[in-house]
Structures are given as structure tokens and as C-alpha cells.
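# Working through the structure, step by step
Letter by letter, the chains look like this.
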Amino acid sequence: MTRLEILGIPQSTFVRTTRIALEEKGVPYDLTIARPQSPEILSVHPFGKVPAMRHGDFELFESRAIIAYADRVFDGPKLAPEDPRIAAAAEQWASAIAMSVFPNSFPYMREFAFPSGPDGAFDTAVIAAHWPAARANIAILDAALDGKPYLAGASFTLADMYALPVLAYLSGFPQSGAMMRDSENLSGYMTRCTARPSFGATVPPPMNQLRN
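Residues numbered from 1 in each chain as written. Predicted model: local features only at pLDDT ≥ 70, side-chain atom pairs only at ≥ 80, totals over all residues. Heavy atoms only, no water.

## Considerations on the nonpolar core
- Core analysis: the biggest nonpolar cluster contains 43 residues, and Y108, M109, L151, L167, L170 and Y189 have the highest contact counts within it.
- The set of elements that each furnish at least two residues to this core consists of α1 (13-25), α4 (84-113), α5 (124-144), α6 (158-170) and α8 (184-194).
- Here Y189 is in contact with L145, P149, Y150, L151, D160, A163 and L167, once residues within four sequence places are set aside.
- I6, Y29, A70 and F74 belong to the second-largest nonpolar core, a separate cluster that totals 10 residues. (Core = buried A, V, L, I, M, F, W, Y, C linked by side-chain atoms within 4.5 Å. Buried < 20%, exposed > 50% of the residue type's maximum accessible area, 1.4 Å probe, protein only. Helix = DSSP H or I, 4+ residues; strand = E, 2+ residues; numbered from the N terminus. Contact = heavy atoms within 4.5 Å.)

## So, α1
- Given a rise of 1.5 Å per residue, 13 residues ought to cover 18 Å, and the 18 Å separating the end C-alpha atoms of α1 matches this to within 8%.
- Within α1, 10 of the 13 residues are buried, which leaves the element mostly enclosed by the surrounding structure.
- All buried positions along α1 are accounted for by T13, V15, R16, T17, T18, R19, I20, A21, L22 and K25.
- Looking at the buried positions of α1, the neighbouring elements they touch are β1 (4-8), β2 (29-33), α3 (63-73), α4, α6 and α9 (197-200).
- The N-capping residue of α1, defined by a side-chain oxygen 3.2 Å from the backbone nitrogen of F14, is S12.
- Of the residues trailing α1, G26 is marked for its positive phi of about 80 degrees. (Expected span 1.5 Å × (residues − 1). Polar contact = N/O pair within 3.5 Å; in protein donor to acceptor, adjacent residues only side chain to side chain.)

## Things to note about the packing of aromatic side chains
- Going through the model one piece at a time under the given rule, you end up with 11 aromatic pairs.
- With a centroid separation of 5.1 Å and 65 degrees between ring planes, the pair formed by F112 and F122 is classed as edge-to-face. Of this pair, F112 sits in helix α4 while F122 sits in the loop between α4 and α5, and the two are 10 residues apart along the sequence.
- Both rings, one in Y150 and one in F156, keep their centres 5.9 Å apart while their planes meet at 85 degrees; by these two values the pair is edge-to-face. A single burial state applies to Y150 and to F156, both of which are buried.
- Aromatic ring contacts, followed pair by pair, group Y108, F112, F122, W131 and F173 into a single cluster.
- The residue whose ring lies beneath R192 is Y150, and the NZ or CZ to ring-centre distance is 5.8 Å. (Phe/Tyr/Trp six-rings, centres within 6.5 Å; stacked < 30°, edge-to-face > 60°. Lys NZ or Arg CZ within 6 Å of the ring centre and 35° of its normal.)

Here it is, written out as C-alpha cells:
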């Protein structure tokens, strides 16, 4: 069967979510590096966002649609749980992370990835302004993991595939990293998730390479 072509930048959390899903299912794919708003992305995604996908003559955009397509077309373990409650919980958290956790945390993460202070220094005022929103989202995810190993229950699901790339970035920044290490639920969760082969296979290059 024709390999999937994923278009985007590996540093994107949504590109990484898509790649984690494909790795978990064992789908053969190639990653074509294409920046948001580039002509190559705009030829598939009308809003210029990543990821986009080509599969032969079929084109698709948005991570959730790409993952759902791959789950239906390719052999391998199902990414969508059979149990309706677990499936609903996974969709709930995937949506919440995409629509709330990521956008609420992004301004905080962006300052560390692309410092806006003089001479490339971090702007501490920007960090201070956006840290409360990031902190609140970390606390929400920590509470959601109370008493269970993964966001939707006992198994690794789409919810975790969306959460992991965001949390991987947050774990590397000073305030958020310290909070996560001190959060018993999240610290154990990250140990479990980062041990998965799909995590290791999708580690992106440093953000500063995007400046080149």
C-alpha cells in the first residue's frame, strides 16, 4: 500500500501527535518538512496549518482527521477504543488539549522557544504574564490523572497522544518543569509515556532550528 506523506515541521505538537499515532499503529509514512503558511502546506490546508497529508491522490488536513483516516485504512492495533465510554473520554481529552490546554499554554511556551527580550534573552514579564494559565492547565491534567495511569483510563489512547507533545515541551521549561516533577500523577505519567517507542521515534529537533 502507498505510504502516507505527512507534511509539516517535526517541532509542531500536532505533527508530533499525528506521528505518535502512526507509530503506535505501525503505519508506514514519510515526513516532508513544510512550514506553516508555506505554498506546499497551503496547497493542501486552506488555513495554512500543519499537519497535512497526502496518500496517493488523496489529500487531507487536520491531525484528528488524518489519524482517523489512518486508523480505518491501515492494518494494526486500533487507535479508537472499542469501549464507548473510553472512546468518548479519549475524544474529550484530545479535544480539550487541542482547544484549551495547548492554546492556553502556548504563549508561555513560545517565550522560551523564541525569546523576545533584548539580545535574545527571555522576557521575564512575558513569562510571568502567561505562567498562571500554563500552571492552571498543568494542574488540571494532574488532577485528571488521579487514580489512573492514562487520561482516558487504563490504556494509552488518543488523549495521551495529544497531551504528550505539549507536556514534553512544558517539562523542559523552568517553572512548568518543576511543577510537573513535583506533581506525583504527572511525573509518573511522563515516565510511562516517554518510555514508549512512539515517543522516542518522534523526538523533534530543537525549536531554535526553525530560525534557520
